[in-house]
Structures are given as C-alpha cells and as structure tokens.
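Given next are the chains, with one letter for each unit.
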Protein chains: 2
Amino acid sequence: MITGKNYIGNKLSSSGNKTFTTFNPESNTENYWKLYEASDAEVDEAMRLAHDAFKVYKTMPGRRKGDFLNHIALEIEALGDKLIKVYCEETGLPEGRAKGERARTVGQLRMFANLVEEGSWVQATIDTALPDRAPMAKPDLRKMMLPLGPVVVFGASNFPLAYSTAGGDTASALASGCPVVVKSHPMHAGTGELVASAIIRAAEKTGMPNGVFSNLNSSGIEVGKKLVEHPLSKAIGFTGSIKGGRALYDMAANREEPIPVFAEMGSVNPVVFLPRALKEKGKTLAKTYAGSITLGAGQFCTNPGLLFAIDSVELDSFIEELATEIVKVKPFCMLNPQIKKYYQANKSKVQSETGVQIKASLDDSPDNYANQALAIVSGSTFIVNKSLQNEVFGPFSMIVKCSSIKELESAITVLEGQLTGTIVSENNEIFYYKEVVAALQNRVGRLIFNGVPTGVEVCSAMQHGGPYPASTDSRFGAVGSQAIYRWVRPVSFQNWPNELLPLELQDDNPLEINRTLNGDLIQNNSKR
Amino acid sequence: MITGKNYIGNKLSSSGNKTFTTFNPESNTENYWKLYEASDAEVDEAMRLAHDAFKVYKTMPGRRKGDFLNHIALEIEALGDKLIKVYCEETGLPEGRAKGERARTVGQLRMFANLVEEGSWVQATIDTALPDRAPMAKPDLRKMMLPLGPVVVFGASNFPLAYSTAGGDTASALASGCPVVVKSHPMHAGTGELVASAIIRAAEKTGMPNGVFSNLNSSGIEVGKKLVEHPLSKAIGFTGSIKGGRALYDMAANREEPIPVFAEMGSVNPVVFLPRALKEKGKTLAKTYAGSITLGAGQFCTNPGLLFAIDSVELDSFIEELATEIVKVKPFCMLNPQIKKYYQANKSKVQSETGVQIKASLDDSPDNYANQALAIVSGSTFIVNKSLQNEVFGPFSMIVKCSSIKELESAITVLEGQLTGTIVSENNEIFYYKEVVAALQNRVGRLIFNGVPTGVEVCSAMQHGGPYPASTDSRFGAVGSQAIYRWVRPVSFQNWPNELLPLELQDDNPLEINRTLNGDLIQNNSKR
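Residues numbered from 1 in each chain as written. Chains lettered and ligands numbered in written order. Predicted model: local features only at pLDDT ≥ 70, side-chain atom pairs only at ≥ 80, totals over all residues. Heavy atoms only, no water.

As recorded in an unreviewed UniProt entry, chain A goes by Aldehyde dehydrogenase (NADP(+)) and comes from Croceitalea marina.

Structural notes on the overall build of chain A
Keep this limit in mind: Think of it this way: any DSSP run of H or I at least four residues long counts as a helix, any run of E at least two long counts as a strand, and we number them from the N terminus. Computation of the radius of gyration draws on C-alpha atoms, with the globule rule given as 2.2 Å multiplied by the number of residues to the power 0.38. The buried label applies to any residue whose accessible area, calculated with a 1.4 Å probe on protein chains only, is under 20% of its type's maximum; exposed applies above 50%, and partly exposed to all values in between.
Counting secondary structure elements, chain A contains 14 helices and 21 strands. Expected size for 528 residues packed as a compact globule is a radius of gyration near 24 Å; at 25 Å, chain A falls within 12% of this value. Overall, the C-alpha framework of chain A stretches about 75 × 65 × 45 Å when taken along its three principal axes. A buried classification covers 64% of the 528 residues belonging to chain A.

Brief notes about the interface of chain B and chain A
The cut-off we apply is this: Contacts are residue-level and defined by heavy atoms, with any inter-residue pair within 4.5 Å sufficient. Put simply, buried area is the surface a 1.4 Å probe can reach on two separate parts but cannot reach once they are joined, added for both. Salt bridges are defined as contacts in which a side-chain nitrogen from Lys or Arg sits within 4 Å of a carboxyl oxygen from Asp or Glu. As used in this structure description, the phrase polar contact means that two N or O atoms lie within 3.5 Å; if the pair is within protein, one of them must be able to donate a hydrogen and the other to accept it, and residues adjacent in sequence are counted only when both atoms belong to side chains.
Opposite the 73 residues of chain B that make contact, chain A presents 73 residues. Here chain B packs against chain A, burying approximately 6400 Å² in sum over the two surfaces, 52% of which is carbon and sulfur. When the buried area of chain B at its contact with chain A is split by residue, Arg475, Arg489 and Trp496 of chain B rank highest and sum to 12% of it. Here chain B is connected to chain A by six salt bridges. Two residues, Lys386 of chain B and Glu256 of chain A, come together in a salt bridge whose shortest N-O distance is 2.8 Å. Linking chain B to chain A there are 42 residue pairs in polar contact (both at pLDDT 80 or more). Secondary-structure elements contributing two or more residues to the side of chain B that touches chain A are strand E5 (125-127), strand E6 (141-147), helix H8 (242-253), helix H14 (434-441), strand E18 (444-449), strand E19 (488-494) and strand E21 (520-522) of chain B. If you tally residues by element for the side of chain B that touches chain A, the top one is E19 of chain B, at seven residues.

What to know about the packing of aromatic side chains
Put simply, the test is: The aromatic pairing rule takes the rings of Phe, Tyr and Trp, using the six-membered ring of Trp, and pairs them if the centres are within 6.5 Å, calling planes under 30 degrees apart stacked, those over 60 edge-to-face and the rest tilted. Think of it as a cone above the ring: NZ of Lys or CZ of Arg counts as a charge over the ring if it is within 6 Å of the ring centre and within 35 degrees of the ring normal.
Evaluation of the coordinates by the stated rule reveals 23 aromatic pairs over all chains. Ring centres of Trp496 of chain A and Phe449 of chain B lie 6.0 Å apart, and the angle between their planes is 75°; on these two criteria the pair is classed as edge-to-face. Pair noted here: Trp496 of chain A is in the loop between strand E19 (488-494) and strand E20 (515-517) and Phe449 of chain B is in strand E18, and the two residues belong to different chains. Since its relative accessible area comes to 11%, Phe449 of chain B is described here as buried. Between the NZ or CZ atom of Arg97 of chain A and the centre of the ring of Phe159 of chain A, over which it lies, the distance is 4.8 Å.

Here we look at the sheet that holds E21 of chain B
Within a beta sheet, neighbouring strands are joined by backbone hydrogen bonds and run either parallel or antiparallel to one another. Our working rule: Think of it this way: DSSP has to see at least two bridges between two strands before they count as a pair. The convention used is that axes are lines fitted to C-alpha atoms, helices contributing only their stretch in contact, and that angles between N-to-C directions extend from 0 to 180 degrees.
Within the open sheet, the twelve strands sit side by side as E14(A)-E15(A)-E16(A)-E13(A)-E12(A)-E17(A)-E18(A)-E19(B)-E6(B)-E5(B)-E20(B)-E21(B). Their pairing is mixed. Bordering the open sheet on either side are strand E14 (357-361) of chain A together with E21 of chain B, each of which pairs with just one other strand. Here the average twist between neighbouring strands, direction ignored, is 20°. For strand E17 (residues 418-424) of chain A and strand E18 (residues 444-449) of chain A, the ladder comprises five bridges, and the chain directions are parallel. When the sheet's bridge partners are listed, Ile423 of chain A is paired in E18 of chain A with Phe449 of chain A.

With respect to helix H10 (residues 313-328) of chain B
Residue and element names in this part refer to chain B. The following threshold applies: Expected span, for any helix, means 1.5 Å times one less than how many residues it has.
With 16 residues, H10 should cover 22 Å at 1.5 Å per step; its first-to-last C-alpha distance of 23 Å lies within 8% of that length. Within the sequence span of H10, burial applies to Leu315, Phe318, Ile319, Leu322, Ala323, Glu325 and Ile326. Considering only its buried residues, H10 is in contact with strand E12 (271-273), helix H9 (275-294), strand E13 (306-310), strand E14 (357-361), strand E15 (373-378) and strand E16 (396-402). N-capping of H10 is provided by Ser312, with a side-chain oxygen placed 3.3 Å from the backbone N of Glu314.

Observations regarding the pairing of strand E11 (residues 261-264) of chain B
Residues and elements named next belong to chain B. Heads up, the condition is: Crossover handedness is defined here as right-handed if the route from the first strand over the helix to the second strand goes clockwise, with the strands pointing away from the viewer.
Both faces of E11 are covered, namely the face carrying Val261 and Ala263 and the face carrying Phe262 and Glu264. Here strand E10 (residues 235-239) pairs with E11 via four bridges, running parallel. Counted as the bridge partner of Gly237 is Phe262 from E11. For the crossover that starts at E10, traverses H8 and ends in the parallel E11, the hand is right-handed.

Quick look at the relation of the copies chain B and chain A
To keep it simple, the criterion reads: Fitting of the copies onto one another was done by least squares over C-alpha atoms, counting residues only where both copies have pLDDT of at least 70.
In screw terms, the move from chain B to chain A is a rotation of 180° and a rise of 0.0 Å along the axis, fitting with an RMSD of 0.0 Å. Read as a symmetry element, the transformation amounts to a two-fold axis. Of the C-alpha atoms belonging to chain B, the one lying closest to the rotation axis is found on Ala253 of chain B, 3.3 Å away. Here 100% of the interface residues in chain B have copies in chain A that are interface residues too; the copies meet face to matching face.

Some details on the sheet that holds strand E5 (residues 125-127) of chain A
Across the sheet, twelve strands lie side by side as E21(A)-E20(A)-E5(A)-E6(A)-E19(A)-E18(B)-E17(B)-E12(B)-E13(B)-E16(B)-E15(B)-E14(B); this open sheet has mixed pairing. Two strands lie at the open edges of the sheet, namely strand E21 (520-522) of chain A together with E14 of chain B, each paired on one side alone. Taking the axes of each pair of neighbouring strands and ignoring which way they run, one obtains an average angle of 20° across the sheet. Pairing geometry for strand E6 (residues 141-147) of chain A and E19 of chain A, over seven bridges, is antiparallel. Within the sheet, the bridge partner assigned to Pro147 of chain A lies in E19 of chain A and is Val488 of chain A. Against the sheet, helix H11 (residues 337-352) of chain B engages E14, E15 and E16 of chain B, with an angle of about 20° to E16 of chain B. Against the sheet, helix H13 (residues 405-413) of chain B makes contact with E12, E13 and E16 of chain B, and its axis sits at roughly 160° relative to E13 of chain B, the strand it touches most.

Some thoughts on the UniProt feature "domain: Aldehyde dehydrogenase" (unreviewed entry) in chain A
Put simply, the test is: UniProt positions are given in the numbering used here, feature names are shortened, and annotations may be inferred rather than shown by experiment.
Listed under "domain: Aldehyde dehydrogenase" (unreviewed entry) in the UniProt record, and renumbered for this structure, are residues 15-466 of chain A. Along residues 15-466 of chain A the backbone is 42% helical and 19% strand, and the end-to-end C-alpha distance reaches 40 Å.

Considerations on the pattern of salt bridges
Overall, the coordinates contain 58 salt bridges over all chains when judged by the stated rule. A salt bridge links Glu325 of chain A to Lys328 of chain A; the nearest nitrogen and oxygen atoms lie 3.3 Å apart. Taken as a pair, Glu325 of chain A and Lys328 of chain A lie in helix H10 (residues 313-328) at a separation of three residues, close to a single helical turn. A salt bridge links Glu409 of chain B to Lys406 of chain B, with the nearest nitrogen and oxygen atoms 3.5 Å apart. Here Glu409 of chain B pairs with Lys406 of chain B, and both are found in helix H13, just three residues apart, close to one helical turn. Relative accessible area serves as the criterion here: at 57%, Lys406 of chain B is assigned to the exposed category. Residues joined by salt bridges that share partners form a network here, namely Asp473 and Arg475 of chain A together with Asp473 and Arg475 of chain B.

Section: unusual backbone geometry
Backbone torsion omega between Ala134 of chain A and Pro135 of chain A reads 0°, so that peptide bond is classified as cis. Mapped onto the elements, Pro135 of chain A comes out in the loop between E5 and E6. One non-glycine residue, Ala297 of chain A, adopts positive backbone phi at about 60°. Mapped onto the elements, Ala297 of chain A comes out in the loop between helix H9 (275-294) and strand E13 (306-310). The class of Ala297 of chain A is buried, set by a relative accessible area of 1%. Even without glycine at this site, Asn427 of chain B takes up a positive phi of about 45°. Secondary-structure assignment places Asn427 of chain B in the loop between strand E17 (418-424) and H14.

Considering the domain arrangement of chain A
Residues and elements named next belong to chain A. Inclusion rule: Domain ranges listed in this record stem from an automatic or a database domain assignment. Residue polarity is assigned by list, with Asp, Glu, Lys and Arg as charged and Ala, Val, Leu, Ile, Met, Phe, Trp, Tyr, Cys and Pro as nonpolar; anything else, Gly included, falls into the polar class.
According to the domain assignment, chain A contains domain 1 (6-127 + 150-221) and domain 2 (271-449). Each of domain 1 and domain 2 has a C-alpha centre, and the two are 34 Å apart. Between domain 1 and domain 2, the residue contacts involve 13 residues of the former and 14 residues of the latter. Where domain 1 abuts domain 2, roughly 1100 Å² becomes buried across the two surfaces, and 59% of that area is made up of carbon and sulfur atoms. Taken as a group, Pro25, Asn158 and Met187 account for 40% of the area that domain 1 buries against domain 2, more than any other trio of residues on that side. Summed over the shared surface of domain 1 and domain 2, the number is zero salt bridges. At the junction of domain 1 and domain 2, the tally comes to five residue pairs in polar contact (both at pLDDT 80 or more). When grouped by side-chain class, the residues that make up the side of domain 1 that touches domain 2 number five nonpolar, five polar and three charged.

Topic: the packing of H9 of chain A against H10 of chain A
Residue and element names in this part refer to chain A. Filter applied, for reference: By the definition adopted for this analysis, an angle is roughly parallel if under 35 degrees, roughly antiparallel if over 145, roughly perpendicular if from 65 to 115, and oblique otherwise. In this scheme, a crossing is called left-handed if the near helix is turned counterclockwise away from the far one by less than a right angle; it is called right-handed if the turn is clockwise.
Orientation of H9 relative to H10, taken along the N-to-C sense of each, is 30°, at an axis distance of 8 Å. What the angle tells us is that H9 and H10 run roughly parallel. Of the two elements, H9 crosses H10, and the hand of that crossing is right-handed. The segment H9 lies against H10, with Leu278, Lys279, Gly282, Lys283, Leu285, Ala286, Lys287, Tyr289, Ala290, Ile293 and Thr294 engaging Glu314, Leu315, Phe318, Glu321, Leu322, Glu325 and Ile326. Tallied by class, residues from the contact of H9 with H10 come to ten nonpolar, two polar and six charged.

This is the structure in structure tokens:
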C-alpha cells in the first residue's frame, strides 16, 4: 500500500497539509494515491537525523555497510510485482523496462556492497617515517578516503529505480558512509515510497542508525531548495535537466559553506558518420539508429540527438532510409503529459530556427505518445546558432550536413560538453579523421566506436559524466563503482597511534586490502 | 636582470602602460625594478596561446612532460644566487628559508616528473568485452585520466617559490598535461619573473609548444578576474586568504560554464592539549609551541592559531611558560608592510572582542617586524562567538580554556573546516578522549599526534586541504603527488580500435604501467 507519507528516518510522517498525485500517461488518468508534500519541519528533521546518524554510520566497517546494501537489494526484490505495477502506472513504461531497471538497480546495490566489503576502494596510502632524515625527520603519514556527511539525492524522471530512490547516487553515497536524504521525483513518488520502504526495512534489519535514510515528497522546488541550502547537507546528487541542475549548483555555490554538486544534466550525444561507413552500411546504420533514437521514447540522457556527416549522395540515401525507419517505429508512451508537452515545444522551437528542415515527423500519435521526428541543418548554420545544441528530450534527432571535413571539425569544436561522442567508421577509415576524433574527445566523457550511445554499462571503466553542461563537474562520474568518489575526501593521519588508526591504515592490514606503501602498490594476493 | 615584463608564451611583453613596484620590508624601501601590469590584450593572448598549446601538449607522452619538468628544476637552480637575492629583497625572508623553499620547489617538480614518467597515475582501468553475455553483449570499456585544459594559477604571498610561479599548482597542472597561465603575486613579481624565465627556457629547450606557460603581472584584482572569467580557462589554483579565494570561487561558479576552483585558504589549525600531557611535559611543549607559533613570523597556512585545553593548574603554568617563551623569540620581519598592517588590525580586532584577554604581546618591534602575541578566551565565549575563529595571519595564537571535556568537545564541534588538527597527549591518554578526536577528525584534512602543525611533508600520503573554508573542495589536496587529480577528468573509450587508444590503454601495455583489468589490479613487477 502507498501511504503517500514521507519517511523521516524510520518514521512515516505527513505533518504538512499539501498533497499531490502522480499520473498514468498510458491510461491518461490520475493515479488514486495521494502524496503528502514534506513540510519545513520534516525537511529539517530529516537533515538533523542524517547528521546524527552520520556520527555512527561513518565508522561502520565495510561488511556492515555491505550487509545493509545487500538487504536493500533483497527488500526491493521482495516488493515483487507490486513495485513493477506502480512503476508502470506512474511512467507509462513497459513491464520489461521496469524489470530490467529493477535488475540494474539491485545489481548496482550489490556492486557497491562488494566494493565496500572488499575495502580497497578507500585508496589507503602509507608513507612511513624516516626519523633520521636530515635536515628534518620525516613523519609517518597515512591517508584514506572518508565520507563527507549527509548527501541529498534528487530522483530522476526517466529512471524511477536505477537513478532515483535507491539508484546509483543513493547506493554510492550509502556505500561511502554518507547518510542519504532523497527528494523523490514527483512523477513517480509512489514508486519512490515503495523503494524507500524497502530501504527502511533493510536499515532496521541490519541495525543501521535511524536517519541513515529519509525520503521526502514534493511536487515543487521549495523542498529541494531547503535541502540544498540546509547547513547540515554536505553534497548533492542530481540527474535531470540543465535548468534544474544549474539551479541547484547555483544554490550550493551561494551557501556560506559551498558544497559539491554532482548534476548529470543535458547531452545531445553527437555521432559522426564517416563517408565510407555510410556508403558500405548506410542501410543497416539507418535501422540501428532509428532504434537508438526512438528507444524508450528517446527519454535517455544518452539519446543520439545530433548526427554529423559530410554532404554526399550516400548521406542523402542514409537520410532517406533513416527518415523512413524512424516514422516506421511504433510510437512509445512518454513518461508524463508534461514531458510530452516539453518535447513538442522544444521540437517546435528547433523547427522554427532558420535553416532547419524537418525531414520526417510522426504527427498523429495518441495522447502522451511521442511523435518521433528527424531534422536536417547545414554545418555552417549549426556552427553559428548555439540554440541548435539544446537537448530535445524525446525521440528526436538532427542531421548536421557538413560541406567538408574542415566544417565537420569546426562543428565538433563548437559543441558544448557531452556525455558521449560516437564515431561510425568502416574499418580503418577513422585513421584519416584524427583531427575530428581529437576535437570530439575534448568535448565528451565517453568515446564510442561503431556503436550507439544508448546503453550504459555499469562497470569501473565506464565514465558517465562530461564537460559542462553534461555534468557540473567532469572530474567525477555518476555510473559504476567510481561514482563513490563524489562523496568522500582524503584525510591524513600523522604519527597517529596504530590502535587508533582506522583498520584500513593499521600496520598489519587487518582488512587485507590493497594499499600503497612508500610509493609501491602492495597487493593482497590472497584475495585475487 | 628583471625586465618587469609579462611572459605571453615565450615572448616578453609590456603592451600596457601601468606599472608597479615591489617592496623590501627588511630595509623598508621600494625595490628599484618596475613591473608592467598585464593589459587586457595580453591576458587574452596568453589564454589563446594556452588553448592552442593544449592541443599539442595534452598528447605529449609522460617522458616528454617529465623532461620539461626536470628542465624547469635545472633552470631554476641555474638562476643561482640572483634568485635568492631577489627573493629575499621582495619578502624580507632569510636566505636559509629562500634556499629551503627553492629545494622544495625543485623537489616537487622532480616528484611530478617521476610520476608522469612512470605513468601509472592515469588510473588506467580496463573492462574487456563479453560478446556472448545475455541479454546484451558487454562492450570493451577502457578509462583513464586526461587533462582538463588551460589552468590559471595564482601565486601565494607566503610561498614565492613553492606555491607560486613554478610551485605545486603549476608543477601538478603541467604534469597532468594542462598549460598554465600564472597570475604572479604582486609582492614578489620580480622573483616570479625570474622563475618564469626559467620555465620558458626549459620549454624552449625541451620543444614544448609556445603558450604552454605564461606569466602575468598585476597589482590589482582585474587581471585575475579576467583570467577566471575567460572562456578558455578550465580550472583555477589559488593559495591565499578566504576573501580572495571565495571571490575567485564565486566568479568561476557564475560563469556560463562553471569551472573547478581549488583554493587553499584560511585555517587556524586547532591544537588540543590533553591534561596529562600538560602536566608531564608542559615546559617542553611551551618551548616547542612558541617556536611553531612564531616560525616564519607565523606566515604559514598551518600556523597553530587556536590552542584548546581543559582548565587546570597545569594549564595555567603552561600558559605562563608559553607567554614567556613567545615574547622571548626574536621578532621576524613580515613579508610586506601591508601584511604587517593586516596582522595588527586582525589582532586588535580579536583583542577587542568580549572576553578575550591578551596574555603576552611584544609591542615594540621595528618597522615591518611582527609583534608576536598570545591571547586567552574561555570555551563558553569561544563557542558563541564565531569571529574568534578568524585567522590572524602572523605570530599569534589564542588559548581556549574549557571548563570540561564536554565544553572542549563542543568547542571543537563548532570549528570551521581546517587544514590540520593536532592532539597533544601523554602516551595513551588520547584513548580517553575518543569523542574529542572524532569531532576533530570531522573538521580537518590532517590529524597530527604529538607534533606541531607547521611543516608540510611533500608525499603521496599528505593531505593539504580540508572542509570549507580550509579549501573550496575538500575532495582534493594541494600538496603531494595527489594534487595532480585536481586538473584531470576520466574519459572512457568504448570498443575503440587498439591502435587509436592512448598507449596507457592499449592491449600490450607498452608503457608498462599498473592497470586495473576486469577488477584486478595488474601490477607491473618489472618496475618495482
């Protein structure tokens, strides 16, 4: 059952009097459950509990945190079909997607459980003393990563499970030793409550301190603003629009004590089609890319929104094929009427720009269903009009037709920061386009060869983040085990008594982790 | 010879018409050389050259960058006594300090040269493909750190060599593959020009691209503001006051494309003296701390500015001893009349606060010489008056006399973020103060046992940075090899052709670096 209440630590709470509902875009009706908007007092209590919980939680050994994360995964699985049903009712996404996302979510939780149970992630670094060094003795210094404090996580509209309540931001922050306060996404706050209940059950079963997790409902911006400005919050995780992410970044930067914000925001994921690839496999590419552009109604941060190529007969054929394939795809339901409205508005805005030609457009899909579309613009027009880089969140892509390699390179050079950049090449063709590749590398967090940008593997070599505005800090990423480093800081212990050091830094390495000792990596072979 | 001109890349330039001079605080006279304030056109040209140089410099192999850094060290050494003379004339610091700082500076350059020549610092991480995985093939993903782009470095008033022109910020940024534009500190711009000339000679001798380094003079804030707001600058390094660092942070956060700022700012480096330590070794401690407080006229970011202890007869004796020892120290010349003026003003401000008692004060030192002083305040007064935490940059410290352990713990809890926190204990006494230690750990970047905070070892286990306002981003540090990570971001390559991958990520590991392969650390044993 969905109570609609907030979790303030382990307690269900609804002290405010404002309510809101979620919407089923598939049936085009409001869902019957009511959500209670968190009150100022609830926001403050959640932060205070998180602050108190931090004192205990930050000292928990990796196996305790791992136990907690594994139990969250189990409790999410135990929600069974009820979770899948509410997920679908709040998003219009198909059951297969819901189940796939649930699998990814519990997979992420277990990945972080393994990471902290093993323990080497803290980057323990030891430089032992040289008491006889002249002119001054060298002290014993030992350093490791320690958690920052309470983290505020904003749920993402397009990933109700994998990037919301118990998603990658929450899992990585809890793994690092930081309590989490979630601002649930209003479009799927029922799903959020179910997941939150799983986290709370796991916290209780594994003996975590009250306040290690809270979940707040809100349909507006006030609760989020209060959380970011609250003096007890120490870092922010966000996935969403540039406008939303930038607003949070500005709030955090304007605090008396600024705090780090990792916002994963807009990206149009440029793809460069090289000439021979278009010639040799244009037809296949058109099918593949029609699929990638329309996947999940284009509601992915890695959706390919800009397709670059040099003008040619082969490009014209490719465009024809792609246009045909794109309108052939059965339209998908979008997440929310609001999202469809924005999609239509953003699409119209691009269409109205000088030099933009609509090549294909589906204009008669049902309520809340996406009308996929393809546009074309010249390289020279693209280079001078920055607004053509704005993300159109939905199944839309624009071909940028360049008159020469030089123009293509210039078009890539003026790109804003992106999550991904893709080169589609026929075998070794890419070797002749090194400048284009270098320009693209400079603008992205992930380079892809002969693939599609959609589909984000969760592993340690993944980088999901990129130069602004893809994310607010390109030095970190939101996907994979490295995401934990957003929430920690190094702390050194100088000449510290061995018994008072964290276990990770003690002489006899009781946790058997990999460490760096006087510049040498000391690997614990027994674990390999 | 000091020309007073700016280095815009390899070229000496003085297109502006404003000049300024530096000051010899020891002789209390202006130095005779004139410095040319950088013009808007020079700022812009330096940034453009850096941007162009980046395209070439970022692809240079580690051994080329290492060669450049090693040559900078050699060229600095080749400046010989001339550098030491100008350093002393611009700072009033003694020759021994100048030579020590030069040794540290070239040591840092060589440390970063070794780091990039060895190459494992890029954190190469490889997750190989699983083409048969169901339901979806896993792609091959390879990730490493790549440089951000041109970095702007602001010289520090108190470290003309080790944290200015070729100091830790510049050395780490150049090592990472980022060109550097230095805004020279106006108090020692002559020293800055000499060091800049050494960097330029090294760049020319080792074939570095023009623009890999520039050095700009300025006595005001305009040049710095232009550099931070310039669209081609990608990160900022700064060492100095909270006011200065925060101003740069705010400028960078307000850009259309925000960029990271690492500002190492104020810290009062709290020291907790436990009761038995005071009883057993109070006299020795008083001597040691009188030395630490007055070292270099207290002009260190690690100067111990707040000394906490529980009220007792032993504390009173310690205070008497410390007061006696502090005024006994022969006063030091401060860096600049301006710095002495601020010191006197800040000291007076603290003295005028309710409840602050001046215990010892030297009031008759010569022009520009520091008047060391010791103050006392009660724990209860300290807890409620945040202004008592303001750094008094100079040889000043305040004893916070707490009525109980509880009050001591509260006083530590309300502390702002600090670079260091020290516990002075008699053997195992510290075991009875775990709450105090936990509270202190939460506020600092480095914990010190039975030592003084002054003296910062340059090694990989050092953390020099801390919660705000000690630094603007506690997740990074300014000293030691880890400082390189401020200037890089991870980039992933998906299914990328082996021959086009950076050498660090290629199959056969041609650079023989340590890498993480499918979760396992693969160590290159031949190098150990």
